[in-house]
Amino acid sequence: MLRAERRAEGELLTIKKAAAVLGVAPSTLHRLLNAGIIQGEQLTPGAPWRIRLTHDVLAGFNNDAGEGFMPMREAMKALGVSRQTVLQRVKRGELDAVHVMRGKQKGLRIKAIARQPELFDRTS
């Protein structure tokens, strides 16, 4: 990939600078990196992480999650799975997630379809 093409994808920033642009703490970005929710780059193993601020990354940090997104606890209950399972599904791209930055409601919001146990219940 050409350098001009890579720049077009988004600016590559240190964790500290990316956190300032996104309005979150650097520790939040480290946590999201470790969970695999956002992608980062390292020049070599052990080097500081950098975040490429693409349109998708910027869209994942906003003041309102929108319709269909729910807090982590509600998503866990709706899906009938653990927090770790929800995060794994987000990491694999099976569930959508955004990081909401509004007052006390900061944190991940998950777009989850509620579990439908009656769907597989036998009628006989």
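You'll find the structure just up there.
Our subject in this report is the structure included herewith. (Residues numbered from 1 in each chain as written. Predicted model: local features only at pLDDT ≥ 70, side-chain atom pairs only at ≥ 80, totals over all residues. Heavy atoms only, no water.)

Section: the environment of Val98
Then, number 1: Mapped onto the fold, Val98 is located in strand 5 (residues 96-100).
Then, number 2: Every residue in contact with Val98, bar those within four places of it in the chain, is listed here: Ala59, Gly60, Asn62, Ala65, Phe69, Gly107, Leu108 and Arg109. (Helix = DSSP H or I, 4+ residues; strand = E, 2+ residues; numbered from the N terminus. Contact = heavy atoms within 4.5 Å.)

Some remarks on the nonpolar core
Then, number 1: Ranked by internal contacts, the top residues of the largest apolar core, which has 28 residues, are Leu29, Ile51, Phe61 and Ile110.
Then, number 2: When contributions to this core are tallied by element, the ones reaching two or more residues are helix 2 (15-22), helix 3 (26-35), strand 2 (50-53), helix 5 (72-79), helix 6 (83-91) and strand 6 (107-111). (Core = buried A, V, L, I, M, F, W, Y, C linked by side-chain atoms within 4.5 Å. Buried < 20%, exposed > 50% of the residue type's maximum accessible area, 1.4 Å probe, protein only.)

Some thoughts on helix 3
It helps to recall that an α-helix has 3.6 residues per turn; residues three or four apart then point in one direction.
Then, number 1: Turning to helix 3, its buried residues are Thr28, Leu29, Leu32 and Leu33. Down the axis of helix 3, the smallest arc covering the buried residues is 135°, so these residues share one side.
Then, number 2: Residues of helix 3 that are buried in the fold lie against helix 2, strand 2, strand 3 (61-62), strand 5 and strand 6.
Then, number 3: Two residues or fewer past helix 3, Gly36 is found with a positive phi of approximately 80°. (Arc of directions from axis to C-beta.)

Some words on the packing of helix 2 against helix 3
Packed helices, taken two at a time, are described by the angle their axes make and the gap between the axes.
Then, number 1: One way to put it is that helix 2 packs onto helix 3 with a least axis distance of 8 Å and a crossing angle of 105°. By the angle between their directions, the pair helix 2 and helix 3 is classed as roughly perpendicular. Here Ile15, Lys16, Ala18, Ala19 and Leu22 of helix 2 lie close against helix 3, whose contacting residues are Pro26, Leu29, His30 and Leu33.
Then, number 2: Grouping the constituent residues of the contact of helix 2 with helix 3 by class yields seven nonpolar, one polar and one charged. (Axes fitted to C-alpha atoms, helices over the stretch in contact; angles between N-to-C directions. Parallel < 35°, antiparallel > 145°, perpendicular 65-115°, else oblique. Nonpolar A, V, L, I, M, F, W, Y, C, P; charged D, E, K, R; others polar.)

What about the pattern of salt bridges?
Then, number 1: Following the criterion strictly, the structure yields two salt bridges and no others.
Then, number 2: Residue Glu41 pairs with Arg52 through a salt bridge whose shortest N-O separation is 3.1 Å. Remark: Arg52 occurs in strand 2 and Glu41 occurs in the loop between helix 3 and strand 2; sequence separation between them is eleven residues.
Then, number 3: Two residues, Arg92 and Glu94, come together in a salt bridge whose shortest N-O distance is 2.8 Å.
Then, number 4: With relative accessibility at 52%, the residue Arg92 sits in the exposed group.
Then, number 5: Assessed through its relative accessible area of 48%, Glu94 is described here as partly exposed. (Salt bridge = Lys/Arg side-chain N within 4 Å of Asp/Glu carboxyl O.)

Topic: the pairing of strand 6
Then, number 1: The element strand 6 is largely enclosed, with a buried count of four among its five residues.
Then, number 2: Bridging between strand 4 (residues 69-71) and strand 6 involves three bridges; their strand directions are antiparallel. Each bridged residue has a counterpart across the sheet, and for Met70 the counterpart in strand 6 is Ile110.
Then, number 3: As defined by bridge partners, strand 5 adjoins strand 6 across five bridges and the pair is classed as antiparallel. (Pairing = 2+ DSSP bridges.)

Function cannot be inferred from these measures alone, as they are strictly geometric.
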